[in-house]
Amino acid sequence: GAGVSQSPRYKVAKRGQDVALRCDPISGHVSLFWYQQALGQGPEFLTYFQNEAQLDKSGLPSDRFFAERPEGSVSTLKIQRTQQEDSAVYLCASGNRAGGGEQYFGPGTRLTVT
Amino acid sequence: TQLLEQSPQFLSIQEGENLTVYCNSSSVFSSLQWYRQEPGEGPVLLVTVVTGGEVKKLKRLTFQFGDARKDSSLHITAAQPGDTGLYLCAGANSNSGYALNFGKGTSLLVTP
């Protein structure tokens, strides 16, 4: 399809497990963003990539969170030693302008940590 | 920290009614976007406003950016059940870097 895709759509992890969430942005989009959306809240920024370079990771809540985009297309958000407070929807967005502009969101991955 | 305050938080109306939702901040934004999000889906971009005082119309939806670029409103005329969803405003400015700052959203339910 032409939109942003994310996988898996749902993930249940036991506390302490590592998880990896994948984002396939719109082809050719330079910018890629990760957001975390808790229940009843708006999305909160986690990190930003311009092509393969991670230019802003100020929103990552702890060093357990790690993101990469090695070839400037697909991105992976990894969470190590998951905690219950990590339970949320993780949204990926891509954009065709560097540094800003309109963002197009994927459907998200709902992570539940038990 | 959510720099954008949205009101009301919840709104339940009947088909055919008009409504306005508000997005307010003490910060100035270089641009502001409105999204609609349905359950289990990501936000879908509706409009971007960049100029103070700007008004944009999208069918029955009218978006306005405040003169000082600190606030915005979304007005829906003759609401329909298909308008049901979570409406989010999001702003960008030099302080936010690359991030979009989102409000908590207004959850709208339109009943037939």
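The structure contained in this document is the topic of the report that follows. (Residues numbered from 1 in each chain as written. Chains lettered and ligands numbered in written order. Predicted model: local features only at pLDDT ≥ 70, side-chain atom pairs only at ≥ 80, totals over all residues. Heavy atoms only, no water.)

## A few points about the sheet that holds strand 3 (residues 19–24) of chain A
All names here are of chain A.
Part 1: Across the sheet, which stays open at both edges, the 4 strands sit in the order 1-3-8-7 with antiparallel pairing between neighbours. The open sheet has two free edges, formed respectively by strand 1 (5–7) and strand 7 (65–68), since each of these has just one partner strand. The average undirected angle you get between the axes of adjacent strands in this sheet is 15 degrees. (Pairing = 2+ DSSP bridges. Helix = DSSP H or I, 4+ residues; strand = E, 2+ residues; numbered from the N terminus. Axes fitted to C-alpha atoms, helices over the stretch in contact; angles between N-to-C directions.)

## Focus: the interface of chain A and chain B
Part 1: Counting from both sides, the interface comprises 21 residues of chain A and, opposite them, 19 residues of chain B.
Part 2: Roughly 1,600 Å² is buried in total at the junction of chain A and chain B, and carbon and sulfur atoms are behind 51% of that figure.
Part 3: The largest share of the area that chain A buries against chain B comes from A:Pro43, A:Glu102 and A:Phe105, three residues that together contribute 24% of it.
Part 4: At the junction of chain A with chain B, the criterion picks out 0 salt bridges.
Part 5: Summed over the shared surface of chain A and chain B, the number is 5 residue pairs in polar contact (both at pLDDT 80 or more).
Part 6: Elements that contribute at least two residues to the side of chain A that touches chain B include exactly strand 4 (31–37), strand 5 (44–50) and strand 6 (53–56) of chain A.
Part 7: For the side of chain A that touches chain B, the residue count by class is 9 nonpolar, 8 polar and 4 charged. (Contact = heavy atoms within 4.5 Å. Buried area = accessible area lost by both parts, 1.4 Å probe. Salt bridge = Lys/Arg side-chain N within 4 Å of Asp/Glu carboxyl O. Polar contact = N/O pair within 3.5 Å; in protein donor to acceptor, adjacent residues only side chain to side chain. Nonpolar A, V, L, I, M, F, W, Y, C, P; charged D, E, K, R; others polar.)

## What to know about the state of the cysteines
Part 1: One pass over the structure, following the stated rule, counts 2 disulfides over all chains.
Part 2: Across a sulfur-sulfur distance of 1.9 Å, A:Cys23 and A:Cys92 are joined as a disulfide pair. The sign of the -65 degrees torsion about the S-S bond sets the A:Cys23-A:Cys92 disulfide as left-handed. Note that A:Cys23 is positioned in strand 3 and A:Cys92 in strand 9 (residues 88–95), a separation of 69 residues in sequence.
Part 3: What pairs with B:Cys23 in a disulfide is B:Cys89, and their sulfur atoms sit 2.0 Å apart. Linking B:Cys23 and B:Cys89, the disulfide has an S-S dihedral of approximately 80 degrees and is accordingly described as right-handed. Placement of the pair is B:Cys23 in strand 3 (residues 19–24) and B:Cys89 in strand 9 (residues 85–92), with a sequence separation of 66 residues. One exposure class covers both B:Cys23 and B:Cys89, and it is buried. (Disulfide = S-S within 2.5 Å. Buried < 20%, exposed > 50% of the residue type's maximum accessible area, 1.4 Å probe, protein only.)

## Here's the deal with the pattern of salt bridges
Part 1: Counting across every chain of the model gives 6 salt bridges over all chains.
Part 2: Ionic pairing is found between A:Arg64 and A:Asp86, a salt bridge with its closest N-O pair at 2.8 Å. Placement of A:Arg64 in the loop between strand 6 and strand 7 and of A:Asp86 in the loop between strand 8 (75–79) and strand 9 is noted, with a sequence separation of 22 residues between them. One exposure class covers both A:Arg64 and A:Asp86, and it is buried.
Part 3: Among the salt bridges present, the one from B:Glu54 reaches B:Lys56, with a minimum N-O distance of 3.8 Å.
Part 4: Residue B:Glu54 is classed as buried on the basis of its relative accessible area of 17%.
Part 5: The exposure class assigned to B:Lys56 is partly exposed, which follows from its relative accessible area of 31%.

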